[in-house]
Amino acid sequence: MTAPKPQPGILDIAPYKGGEAAVPGVTKVHKLSSNETPMGPSPKAMAVFQKLATELHRYPDGGVETLREALAAQYGIPVDNIVCSNGSDEMISLICAAYVGPGDEVVYSQYGFMMYPIATMARGATPVVAKEKNFTADVDALLAAVTPKTKVVFLTNPNNPTGTYISAAELRRLREGLPAGVLLVVDAAYAEYVSRNDYSNGMELVAERDDTMVLRTFSKIYGLAALRLGWAYAPANVVAVLNRVRGPFNVNAAAQAAGAAALGDTEWLDKSRAHNDAELVRVRAALEKLGITVVPSVANFLLMRFPGGAEQVKGADAALRKKGLILRGMGGYGLPDCLRLSIGTVEEDDMVIAVLTAFMQG
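Residues numbered from 1 in each chain as written. Predicted model: local features only at pLDDT ≥ 70, side-chain atom pairs only at ≥ 80, totals over all residues. Heavy atoms only, no water.

Novice: Help me understand the sheet that holds strand S5 (residues 150-156) in this model?
Specialist: Two strands in a sheet stick together by hydrogen bonds in their backbones, pointing the same way (parallel) or opposite ways (antiparallel). Strand order in the open sheet made by the 7 strands is S2-S8-S7-S6-S5-S3-S4, with mixed pairing throughout. Sheet topology places strand S2 (82-85) and strand S4 (126-130) at the edges, where each strand pairs with a single neighbour. Direction aside, the axes of adjacent strands within the sheet are offset by 20° on average. Across the face of the sheet, helix H2 (residues 65-75) comes into contact with S2, strand S7 (212-217) and strand S8 (230-233) while running at roughly 125° to S2. Together, S2, strand S6 (183-187) and S7 form the strand contacts of helix H8 (residues 236-245), whose direction differs from that of S2 by roughly 30°. (Pairing = 2+ DSSP bridges. Helix = DSSP H or I, 4+ residues; strand = E, 2+ residues; numbered from the N terminus. Axes fitted to C-alpha atoms, helices over the stretch in contact; angles between N-to-C directions. Contact = heavy atoms within 4.5 Å.)

Pasting the structure below:
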């Protein structure tokens, strides 16, 4: 028998691996590997989700009208310029499905989201990496990586796994330096955590141009990762394309309802942001006292570089896992000397500090 053959290049893709959620032999685990909010979802979102139990036999609204209208009101943007998706992952795949193919190139930053090269290669196109400076996207390197074959440039801002960002001025310089016809996709999954005056999520560029779009998500600060809910603000020409390639019911009813409820719960959002602001500063200071280099972050996680390199990372990770603390190894990003810590509850963060203190001083 002859097995069916996938398209060329598919088997060259390294499958994406999410953050681990279990440790063999450990009953109580603390998952600090996936940048999930320790606050959980808004109580209002949970209440709406529970009410939908009797409506599971109904198809969701294919146009996602209620949620799109809520987003439009929240951000002061036209509802017709909003497209929703099954998480940002799906939107990234839709973009590549619509705009790239064999012979094309997609540029992204060195430590950008792994779904960019995966979605690119799935369409037979070539991912091109632009080196970063000090764990931060380098606009000059991104522009230098562009060729006549470039169709899309992905920029995560703030970036994951580094937590760094480029300023509004640098973002504009990137857009203005790109050739006409190249789609700039600003992935602002962690935008709600940023309080810097010089930061921009890129949405003003969308209003000005027809070649730029911004991705947002409900998986991070809104705490709806399990429901897979993302959205994009894009010019009319891009929206028209994406609506042709997305599935007719790509966003489930629970996600739509919970997303709208979460969006309206500003008190919960403020509480979640305040917790992160305080813990980000406190935990970073404690880790740096141990001799661990911590990349300055504006998101809800910290990238830690261990002075002893990859071997020390293995030891630290093992010590953490013994206590049920799961962090994210960064070998897949080319950072074997690093672990990424998602900000947890005060108690979880204290546990991490205590374990690493004993390990580093032992």
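There's more to say after this.
Novice: Can you walk me through the packing of helix H11 (residues 309-322) against helix H12 (residues 346-361) in this structure?
Specialist: Packed helices, taken two at a time, are described by their axes: the angle between them and the distance between them. Where H11 contacts H12, the axes come no closer than 10 Å and their chain directions differ by 135°. The orientation of H11 with respect to H12, classified from their angle, is oblique. Note that H11 runs across H12; the crossing there is right-handed. Contact residues: H11 offers Gln-312, Gly-315, Ala-316, Ala-319 and Leu-320, while H12 offers Val-352, Val-355, Leu-356, Phe-359 and Met-360. Grouping the constituent residues of the contact of H11 with H12 by class yields 8 nonpolar, 2 polar and no charged. (Parallel < 35°, antiparallel > 145°, perpendicular 65-115°, else oblique. Left-handed = near helix turned anticlockwise from the far one by under 90°. Nonpolar A, V, L, I, M, F, W, Y, C, P; charged D, E, K, R; others polar.)

Novice: Could you clarify how one ought to interpret the environment of Ile-10 in this entry?
Specialist: Inspection of the secondary structure assignment puts Ile-10 in the segment before strand S1 (30-31). With relative accessibility at 27%, the residue Ile-10 sits in the partly exposed group. Separated by 79 residues in the primary sequence, Ile-10 and Asp-89 have C-alpha atoms spaced 17 Å apart. If sequence neighbours within four positions are ignored, Ile-10 has contacts with Met-121 and Ala-122. (Buried < 20%, exposed > 50% of the residue type's maximum accessible area, 1.4 Å probe, protein only.)

Novice: How should I be thinking about the packing of aromatic side chains in this particular structure?
Specialist: Each aromatic ring pair is characterised by the separation of its centres together with the angle its planes make. Counting across every chain of the model gives 9 aromatic pairs. On the basis of an interplanar angle of 45° and a centroid distance of 5.3 Å, the ring pair of Tyr-75 and Trp-231 is categorised as tilted. Of this pair, Tyr-75 sits in helix H2 while Trp-231 sits in strand S8; the two residues are 156 residues apart in sequence, bridging distant segments of the chain. Residue classification places Tyr-75 among the partly exposed residues on the basis of a relative accessible area of 25%. With a centroid separation of 6.2 Å and 70° between ring planes, the pair formed by Tyr-108 and Tyr-116 is classed as edge-to-face. Take Tyr-108 and Tyr-116: they sit in the same class, and that class is buried. One aromatic cluster in this structure is built from Tyr-108, Phe-113, Tyr-116 and Phe-154. Against the face of Phe-301 rests Arg-340, its NZ or CZ located 5.8 Å from the ring centre. (Phe/Tyr/Trp six-rings, centres within 6.5 Å; stacked < 30°, edge-to-face > 60°. Lys NZ or Arg CZ within 6 Å of the ring centre and 35° of its normal.)

Functional significance is not addressed by these values, which are geometric in nature.
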